Amino acid sequence: MSIGLSEQEILRRESLKQLRDLGIEPYPAESYEVNAYAADINANYEKDKTAYKTISIAGRLMTRRIMGSASFAELQDSTGRVQLYLKRDDLCPDEDKTLYNTVFKKLLDLGDYIGVKGYVFTTQTGEISVHVTSFTVLAKSLKPLPVVKRDDEGNIYDGFTDPELRYRMRYVDLTVNPDYKQIFIKRSKVINSMRSYFDEQGWMEVETPILQPIHGGAAARPFATHHNALDMPLYLRIANELYLKRLIVAGFDGVYEFGKMFRNEGMDRTHNPEYTSMEIYVAYKDYIWMMAMVEECLEKVAIATNGSAVVKVGDNNINFEGPYEKLTMYESIQKFTGIDVSAMNEEALLQTCKDLGIETDSTMGRGKLVDEIFSAKVEANLIQPTFITDYPIEMTPLAKKHRSVAGLVERFEIFVNGKEIGNAYSELNDPIDQKERFEDQLKLADRGDAEAMAMDEDFVRALEYGMPPTSGLGFGIDRIVMLMTNQSTIQEVLFFPQMRPEKKKIELSPEETELFSLVKDGEQVLLADVKAKLTDWSNKKWDLTLKALTGKNVLKVTKTDDGLYLSHK
């Protein structure tokens, strides 16, 4: 079994060999000094032509037009593209014209990294260009980049647009679709502006464990692993809340952390199993104070990222300037369904869900049922920034009981464009109450609720030493970036979103053809079961085939018009 090279890949490998035969190392070890960038040249050359008499620039060769003894090309660096002008006699002033005639014209390919020295000038057609006096091969590209076609106005009409390929090969995507880099530049601005705001208040950035012995701090399914040396199970964190609150117990007035969280749940346009969260905890504050802080913070983030508090998101203009609308959980449900669920018990809530066409199951307690109604009937209507406040106590095991309304907790979530982007509490600091809430969660787990919280005895012990009144907030950074960059899927704002295993096109030997003739299209089958059907295969031949299948025990074959594909369960 083999995955063959394309004709282009074979030719590029031959060029690689010929470069080395000429004494040119296509992957040199020494550094290459860069003192100019494409965007700066294009923006500032006309303002100060004397500053670009001797430049050194590096990047990918993206286009080339060879016209005999002179050529034009485009070089793309991290900031954009600039035109190159190469003249044979300038590059090769002596009799030997190999560098131009052979290396540039024949052995360089689009996508190769080169370093260029020269000076900037303006062509007769008025285009700013670099007159190349020397160039250096910095990295040979052995795979051709996708060809992105543009019309005369520069509009792309045949681009690298397949989402699966773009997300899987982000290194190609951002090379041939450089405009997408702006998403990630803005992502950095979101995080940096938020960090700067917190630092200005005197709050400290900290780090807490990613591997945790107890999956606490949120209602979610964890990823489980095992530590061999300690011979104990560990979990990738679903939240960092309980560790950050331990630091408030320790005497810090304000701590925050940007970090990865991991939840072993479904994937869709707004969920990735690995995502970035920011959580912050400030002593001597409550959730009312936190709402004002969120308004100020998000307005600053919007201005830092887009230059305005008003951000275009789809068809909506979202205004992040406060104050934001505030509705209690029960008020919001009544507003959009006409139903008052505040006094309903579990049985009545089940009937309400049935009447509204909302699916339920036996594991759902009162809090989960209220949440299902809210998710199905309210969320999508919350377009402008809106605080949903005062949640049922059953929904929030870590929040303080409401100061004036029995059965509720002091919690809010902030919703924008129909999605939750932040969650905050007046934090529960009564250790006895906290232990009882954990015990209630254990009862839900016994009923089959896979997202119920685990008991964290050490956290309860920390509270027993005393935690001052505290307000805490968690932001979903990826969702905030989606808003600030007008993206409708979380995959667009992650460099490397989680993907299904890649299907690989394969070429089969006659023996392997025989093997796969026993496997139906799309079928998942144990290799051992296939082996049992073969009568004349030696163990050696089977072992070789098994090795070619990368040693996995289960395979899936997909037959398409252009070939046979193999993937593993």
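Residues numbered from 1 in each chain as written. Predicted model: local features only at pLDDT ≥ 70, side-chain atom pairs only at ≥ 80, totals over all residues. Heavy atoms only, no water.

### A few points about the overall build of the chain
Right, so step 1: Along its length, the chain carries 18 helices and 24 strands.
Right, so step 2: Counting over 569 residues, the chain shows a buried share of 44%.
Right, so step 3: Intrachain contacts of the chain at a sequence separation of at least 6 include 65% that bridge at least 24 residues.
Right, so step 4: Carbon and sulfur atoms make up 50% of the accessible area of the chain, which totals about 28,800 Å². (Helix = DSSP H or I, 4+ residues; strand = E, 2+ residues; numbered from the N terminus. Buried < 20%, exposed > 50% of the residue type's maximum accessible area, 1.4 Å probe, protein only. Contact = heavy atoms within 4.5 Å. Areas by Shrake-Rupley, 256 points an atom, 1.4 Å probe, with all protein chains shown as cover.)

### Some words on the packing of helix H11 (residues 346-355) against helix H12 (residues 366-377)
Right, so step 1: Across the interface, H11 lies against H12 with an axial gap of 9 Å and an inter-helix angle of 25 degrees. In terms of orientation, H11 and H12 fall into the roughly parallel class. With respect to the hand of their crossing, H11 and H12 are arranged in left-handed fashion. For the pair H11 and H12, the contacting residues are Glu 346, Leu 349, Leu 350, Thr 352 and Cys 353 in the first and Arg 366, Leu 369, Val 370 and Ile 373 in the second.
Right, so step 2: Residues of the contact of H11 with H12, tallied by class, amount to six nonpolar, one polar and two charged. (Axes fitted to C-alpha atoms, helices over the stretch in contact; angles between N-to-C directions. Parallel < 35°, antiparallel > 145°, perpendicular 65-115°, else oblique. Left-handed = near helix turned anticlockwise from the far one by under 90°. Nonpolar A, V, L, I, M, F, W, Y, C, P; charged D, E, K, R; others polar.)

### Some words on the confidence of the model for the chain
The predicted structure's coordinates, where accompanied by low pLDDT, should not be read in detail.
Right, so step 1: When pLDDT is averaged across the chain, the result is 89; 86% of the residues are at 70 or more.
Right, so step 2: Confidence drops under a pLDDT of 50 for residues 537-544, and excluding neighbours within four residues, the segment shows 12 contacts in the predicted structure.
Right, so step 3: Low pLDDT, under 50, characterises residues 546-554; the stretch is placed with 23 contacts to residues that sit more than four places away or in other chains. (pLDDT = per-residue confidence, 0-100.)

### Topic: helix H4 (residues 98-107)
Right, so step 1: Tyr 100, Val 103, Phe 104 and Leu 107 are the residues of H4 that are buried. When H4 is viewed along its axis, its buried side chains cluster within an angular range of 150 degrees and face the same direction.
Right, so step 2: Looking at the buried side of H4, the elements it contacts are helix H1 (7-21), strand S1 (55-67), strand S2 (70-77), strand S3 (80-87), helix H3 (88-91) and strand S5 (128-139). (Arc of directions from axis to C-beta.)

### Thoughts on the pattern of salt bridges
Right, so step 1: Taken as a whole, this structure holds 32 salt bridges when the rule is applied.
Right, so step 2: A salt bridge links Glu 325 to Lys 335; the shortest N-O distance between them is 3.4 Å. Remark: Lys 335 occurs in helix H10 (residues 329-337) and Glu 325 occurs in strand S16 (residues 325-328); sequence separation between them is 10 residues.
Right, so step 3: Taking the shortest distance from any N to any O, the salt bridge between Glu 346 and Arg 447 comes out at 3.2 Å. On the criterion of sequence distance, the pair formed by Glu 346 in helix H11 and Arg 447 in the loop between helix H13 (431-446) and helix H14 (457-464) is long-range, its members being 101 residues apart.
Right, so step 4: Given the relative accessible area of 30%, Glu 346 is considered partly exposed. (Salt bridge = Lys/Arg side-chain N within 4 Å of Asp/Glu carboxyl O.)

### With respect to the packing of helix H7 (residues 181-200) against helix H9 (residues 287-306)
Right, so step 1: As a packed pair, H7 and H9 sit with axes 9 Å apart at the nearest point and diverge in direction by 140 degrees. Relative to H9, the element H7 lies oblique. You can see that H7 and H9 cross each other, and the crossing is right-handed. Here Lys 186, Lys 189, Val 190, Ser 193, Met 194, Tyr 197 and Phe 198 of H7 come into contact with H9, specifically with Met 293, Glu 296, Cys 297, Lys 300, Val 301, Ala 304, Thr 305 and Asn 306.
Right, so step 2: By residue class, the composition of the contact of H7 with H9 is eight nonpolar, three polar and four charged.

### A few points about the sheet that holds strand S4 (residues 113-122)
Right, so step 1: Taken together, five strands build a closed barrel; the order of strands is S1-S2-S3-S5-S4 and the barrel is mixed. Going from strand to strand, the sheet's axes swing by 50 degrees on average, the running direction of each strand aside.
Right, so step 2: As judged from the six bridges shared by S1 and S4, these two strands associate in the antiparallel manner. From the neighbouring strand, Ser 56 faces S4, where its bridge partner is Lys 117. (Pairing = 2+ DSSP bridges.)

### Focus on a negative patch on the surface
Right, so step 1: A grouping of Asp 430, Glu 436, Glu 439, Glu 457 and Glu 464 is seen on the molecular surface, where their side chains present a negatively charged patch.
Right, so step 2: If you list the elements that add at least two residues to the negative patch, you get H13 and H14.
Right, so step 3: With respect to the element layout, Glu 439 can be found in helix H13.
Right, so step 4: Judged by its relative accessible area of 34%, Glu 439 falls in the partly exposed class. (Patch = residues over 30% accessible without salt bridge, like charges linked within 9 Å, V, L, I, M, F, W, Y side chains within 5 Å. Lys, Arg positive; Asp, Glu negative; His and termini not counted. Charge placed at Lys NZ, Arg CZ, Asp CG, Glu CD.)

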